[in-house]
Amino acid sequence: MTTLITRKGALTPSTLDPEARTVRGTASTGAGRLQYDALGPYREVLEISERAIDLASLRGLPVLDSHRRDSIDRIQGRVREAGIEEAQLVVELELLPGRAFEMVRSGMLKGLSIGYSVEQWRSEGSGPRRTKTATRFTIREISLVAVPADAGAVIRSGGAMEGQDPPNGGTDVIDRTAIDADIRRICDAAQIERSVTDRLIAIGAEVADARQLALEAIRTQQPLRVTVTRSGDDPAERIEAMADGLYARINPAHTPGERGRQYAHLRLLDHAEQAVRAAGLSTTGLNQYELVQRAMSTSDLPAVFAAVLNKGLRAAYEAARRPIMDLSRERQANDFRPLQDIKFDGKITPLPVTENGEYQHGAFVDAKESYASKRFGRLAGISPEMVVNDDTGALSRIPDEFGRAWAGFEADQLLALVVSNSGAGPVMSDGNPVFHAIHGNLATSGAPVDVDELSAAVLAMRKQRGLAGEIINVVPSVILVSPDQEVPALATVAQINPATADAVNPWTGKFKVAVEPGLSGNAWYLVASNIGGLEHAYVAGWKGPKVSTETDFNTSGLKMKMEGTFGCGFVDHRGWYRNAGA
């Protein structure tokens, strides 16, 4: 994002044309002003030249009210002309009628300010005499402001503005005794280092610059006070920080946060000692095994391990996701009771309404197909020996294995439905399996996937109708195959350069091929993207597996439980088509 810098100039009311509502002014003299960067204070200067400024781009720029850009109501006019006279940027503005124009005409409003961004700098000098000159910059807007700050912005009619003395009272000598004293007083009050104060005086800073620096110093002190008052003893934050650091050790790709970095290089025994001490217990006189036992039973170390395991478990679970999951619609269940889909009874065609007549009802009906989510889980353990031996590999292997196993379990549950009943699928509420001639979604004979067979499958799905025979516009989009049929499926939708019009492949690039490693044999499926068929559900707030831990009294180690919820089922046959293949 471009940083917009502002700098002030002055209007020249004596050049005002009341009829045309135009006025000339000095937008900038380029005079130096005090700024700050990582190296300290420096004097910023603008080079006022045609090389540094694209004058043509100024024409038509908006004239704003005090750099406010939140509304078009802030626009007070536009720039008509711009030029350079005596190394100063001079502009002619056309103002809109209104309060701002009247204030300019009366002489009450004289200030101009430019908003600009710098593309190129030239640095000179060092220390307190450092200067940075903007040698190429873009002016984004010009604003009317209440207080002009550029003392060199003078009247463009040839003399000083009526009732205004020339800058510095007509002399080039400035007595800085009082200014320097004020600067020291302000900086001392803000507890600014004396060396910084000396640099400000050395470069000829103004009192306003010292005030700005003091305000910045006060602002930067605020978060320091908040940080000092933090106790750092919040158990939840400490557990998260320890887990963050430990996870970075077992997974080099993970970058720990600021609080986690202090734990990133600790051994498992060190984590155990930290946890025991945080619990207010002594570790004096304990051998390694006793330390681990105490950490497992009386500290937050089990919670730290659980947090680490869950981080790895989630990553492994997502990485092992199989294609069949993307062909199933995900839902959330409020509890473990059976889920039913809700459909219209098909009678939803709009009907005419006579004058003073009533609208006629369509009805929702509960689909008879249903399924329920259930709880699943397995147990494993971390022994004290793993901690004593600093076996971080176990903390990596366990979530990897758990995550892959759970992702495979979910995919296998869905796949079992698809291939059940000798490939016909589960029996639905009408007494027929999902894939059946009555449902219009089963090929009459098995054949390899090719252009002709795919055309027949698409036609059958396009002809599917709703409960009342209404058109539902099924859109097939994915060909699901086993690894055995991957090459024929890809060839069927591949880009070719036909020699004749008859050889054109109408399905080129029209379908995604999903290769499910859990499938075997020659059967293939066509699946729609816009019609629900296969579904899976999790109990709300419990998607995927999670790990919880507790101390195992029998082994003095940790007992880990991986658990989660999952349910799946076919709720409609219209979104799937099966060909037994050959």
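Per chain, residue numbering runs from 1 following the sequence as it is written. Since the coordinates come from a predicted model, pLDDT governs what is reported: local features require at least 70, and pairs of side-chain atoms require 80 or more to be given and counted, while whole-chain, interface and lining totals use all residues. Side-chain figures throughout are based on the complete set of non-hydrogen atoms in the structure, without hydrogens or water.

A. Expanded view of the overall build of the protein. Comment: elements are numbered from the N terminus, with helices defined as DSSP H or I runs of at least four residues and strands as E runs of at least two. If you tally the helices and strands in the protein, you get 13 helices and 20 strands. Taken as a whole, the protein presents about 30800 Å² of accessible surface, with 51% of it coming from carbon and sulfur. Every accessible area reported is derived by Shrake-Rupley at a probe size of 1.4 Å, with residue values counting cover from the shown protein chains alone.

B. The arrangement of a nonpolar patch on the surface in detail. The patches reported here contain residues having more than 30% relative accessible area and no salt bridge. Joining distances are 9 Å for like charges and 5 Å for nonpolar side chains (Val, Leu, Ile, Met, Phe, Trp, Tyr). Here, a salt bridge means any Lys or Arg side-chain nitrogen found within 4 Å of an Asp or Glu carboxyl oxygen. Residues Ile-72, Ile-75 and Leu-96 make up a contiguous nonpolar surface patch of about 290 Å² in total accessible area. Structurally, Leu-96 can be placed in the loop between strand E7 (88-95) and helix H1 (99-106).

C. Layout of the nonpolar core. Of all hydrophobic cores here, the largest spans 61 residues; its most connected members are Phe-305, Ile-324, Ile-382 and Trp-576. Broken down by element, the residue count for this core peaks at 10 residues, all from helix H11 (residues 392-419). Apart from the residues within four sequence positions on either side, Ile-324 is in contact with Ala-411, Leu-414, Leu-415, Val-418, Leu-480, Glu-516, Leu-534 and Trp-576. Working definition of a nonpolar core: buried Ala, Val, Leu, Ile, Met, Phe, Trp, Tyr and Cys residues. They are joined through side-chain atoms within 4.5 Å. Here the term buried applies to any residue with accessible area under 20% of the maximum for its type, exposed to any over 50%, and partly exposed to those in between, with areas from a 1.4 Å probe on protein chains only. Judged by nonpolar contacts, the second largest core, of 29 residues, contains Val-23, Ala-82, Leu-89 and Val-104. Any two residues having at least one pair of non-hydrogen atoms within 4.5 Å are treated as being in contact.

D. Region of the structure containing the pattern of salt bridges. Summed over all chains, the structure comprises 28 salt bridges. Two residues, Arg-267 and Asp-270, come together in a salt bridge whose shortest N-O distance is 3.3 Å. Among the salt bridges present, the one from Glu-273 reaches Arg-277, with a minimum N-O distance of 2.7 Å. Here the residue Glu-273 and the residue Arg-277 both occupy positions in helix H6 (residues 268-278), the gap between them amounting to four residues, near one helical turn.

E. Broad picture of helix H5 (residues 235-250). To estimate the expected span of a helix, subtract one from its residue number and multiply by 1.5 Å. Between its first and last C-alpha, H5 extends 23 Å over 16 residues, near the 22 Å set by a 1.5 Å rise per residue. Within H5 the residues assigned to the buried category are Arg-238, Ile-239, Ala-241, Met-242, Ala-243, Asp-244, Gly-245, Leu-246, Tyr-247, Ala-248 and Ile-250.

F. Main features of the packing of aromatic side chains. Here a pair means two rings of Phe, Tyr or Trp (six-membered ring of Trp) with centres within 6.5 Å. Their orientation is stacked below 30 degrees between planes, edge-to-face above 60, and tilted elsewhere. Enumeration over the complete set of coordinates arrives at 10 aromatic pairs. An aromatic cluster of at least three residues, connected via ring pairs, comprises Phe-376, Trp-406, Phe-409, Tyr-538 and Phe-566. Either the NZ atom of lysine or the CZ atom of arginine qualifies as a charge over a ring when it sits within 6 Å of the ring centre and within 35 degrees of the ring normal. Taking the ring centre of Trp-121 as reference, the NZ or CZ of Lys-132 above it sits at 4.9 Å.

G. Representation of H6 within the structure. Buried residues of H6: Leu-268, Leu-269, His-271, Ala-272, Ala-275 and Val-276, and no others. The buried residues of H6 occupy an angular sector of 155° when projected down its axis, which confines them to one face. Lining the buried residues of H6 we find H5, helix H7 (288-298), helix H8 (301-319), helix H10 (384-388) and H11. Following H6 by one or two positions, Gly-280 adopts a phi angle in the positive range, close to 80°. Note that the arc is computed from the directions linking the helix axis to the C-beta atoms.

H. Quick look at the packing of H5 against H11. Convention adopted: a line fitted to C-alpha atoms gives each axis, helices being fitted over their contacting stretch, and angles between N-to-C directions are expressed from 0 to 180 degrees. H11 packs onto H5 with a crossing angle of 90° between their chain directions and a minimal axis gap of 9 Å. The orientation of H5 with respect to H11, classified from their angle, is roughly perpendicular. Contact residues: H5 offers Leu-246, Arg-249 and Ile-250, while H11 offers Thr-392, Leu-395 and Ser-396. Oblique is the label for every angle not falling under 35 degrees (roughly parallel), over 145 degrees (roughly antiparallel), or within 65 to 115 degrees (roughly perpendicular).

I. The arrangement of the side chain of Arg-578 in detail. Tracing the chain through its elements places Arg-578 in strand E20 (residues 576-579). A residue counts as positive if it is Lys or Arg and as negative if it is Asp or Glu; His and the chain ends are not included. The buried charged residue Arg-578 lacks any salt bridge partner; its closest oppositely charged side chain belongs to Glu-453, at an N-O distance of 12 Å. Here a polar contact is taken to be a pair of N or O atoms separated by no more than 3.5 Å, where protein atoms must pair a possible hydrogen donor with a possible acceptor and residues adjacent in sequence count only if both atoms sit in side chains. Among the polar contacts listed, one links the side chain of Arg-578 to the backbone oxygen of Gly-423, at a separation of 3.0 Å. Reaching out from Arg-578, the side chain makes a polar contact with the side chain of Tyr-525 at a distance of 3.4 Å. When residues no more than four places from it in sequence are discounted, the contact partners of Arg-578 are Ser-422, Gly-423, Phe-435, Asn-441, Leu-442, Ala-443, Ala-523, Trp-524 and Tyr-525.

J. Representation of the side chain of Arg-574. With respect to the element layout, Arg-574 can be found in the loop between strand E19 (557-570) and E20. Residue classification places Arg-574 among the buried residues on the basis of a relative accessible area of 11%. Polar side-chain contacts of Arg-574 include one of 2.7 Å to the backbone oxygen of Arg-465.

K. Region of interest: the pairing of E20. Judged by which residues are buried, E20 turns out to be covered on both faces: Trp-576 and Arg-578 on one side and Tyr-577 and Asn-579 on the other are all buried. One requirement defines pairing of two strands: DSSP has to find at least two bridges between them. As defined by bridge partners, strand E16 (residues 524-528) adjoins E20 across four bridges and the pair is classed as antiparallel. Considered in E20, the bridge of Val-527 is made with Trp-576.

L. Fine view of the sheet that holds E16. Strand order in the open sheet formed by four strands is E15-E14-E16-E20, and the pairing between neighbours is mixed. For this open sheet the edge positions go to strand E15 (512-515) and E20, each flanked by a neighbour on one side alone. Put simply, the sheet's adjacent strands are angled 25° from each other on average, direction ignored. Across four bridges, the pairing between strand E14 (residues 476-481) and E15 is parallel. The partner of Val-478 across the bridge, within E15, is Lys-512.

M. A look at the environment of Ala-241. With respect to the element layout, Ala-241 can be found in helix H5. For the pair Ala-241 and Val-304, spaced 63 residues apart in sequence, the C-alpha separation works out to 8.9 Å. If sequence neighbours within four positions are ignored, Ala-241 has contacts with Arg-259, Gly-260 and Tyr-263.

N. Highlighting the confidence of the model for the protein. Per-residue confidence for the protein averages 81 on the pLDDT scale, and 83% of its residues sit at or above 70. A score between 0 and 100, pLDDT records how confident the predictor is in each residue. Every residue in residues 152-174 scores below 50 in pLDDT, and together they form 29 contacts with partners more than four places removed in sequence or on other chains. Confidence drops under pLDDT 50 across residues 222-232; counting only partners more than four residues distant or on other chains, this segment forms three contacts.

O. Region of the structure containing the environment of Leu-55. Secondary-structure assignment places Leu-55 in the loop between strand E4 (40-46) and strand E5 (62-65). A relative accessible area of 13% places Leu-55 in the buried class. With 27 residues separating them in the primary sequence, Leu-55 and Ala-82 have C-alpha atoms 6.1 Å apart. Ignoring sequence-local partners within four residues, the contact set of Leu-55 consists of Glu-50, Ala-82, Gly-83, Ile-84 and Leu-89.

P. Expanded view of the environment of Thr-549. Considering the arrangement of structural elements, one finds Thr-549 in strand E18 (residues 546-552). Beyond its immediate stretch of four places on either side in the chain, Thr-549 contacts Pro-302, Ala-303, Ala-306, Leu-558, Lys-559 and Met-560. Polar contacts involving the side chain of Thr-549 include one to the main-chain carbonyl oxygen of Pro-302, which spans 3.0 Å.

Q. Focus on unusual backbone geometry. Look at Arg-21: it is not a glycine, yet its phi comes out positive at around 55°. Here Arg-21 is to be found in the loop between strand E1 (5-17) and strand E2 (22-28). Taking the relative accessible area as the measure of exposure, Arg-21 reaches 25% and is therefore partly exposed. We note that His-67 has phi near 65°; this positive angle belongs to a residue other than glycine. On the secondary structure map, His-67 appears in the loop between E5 and strand E6 (75-85). When its relative accessible area of 19% is taken as the criterion, His-67 is described as buried.

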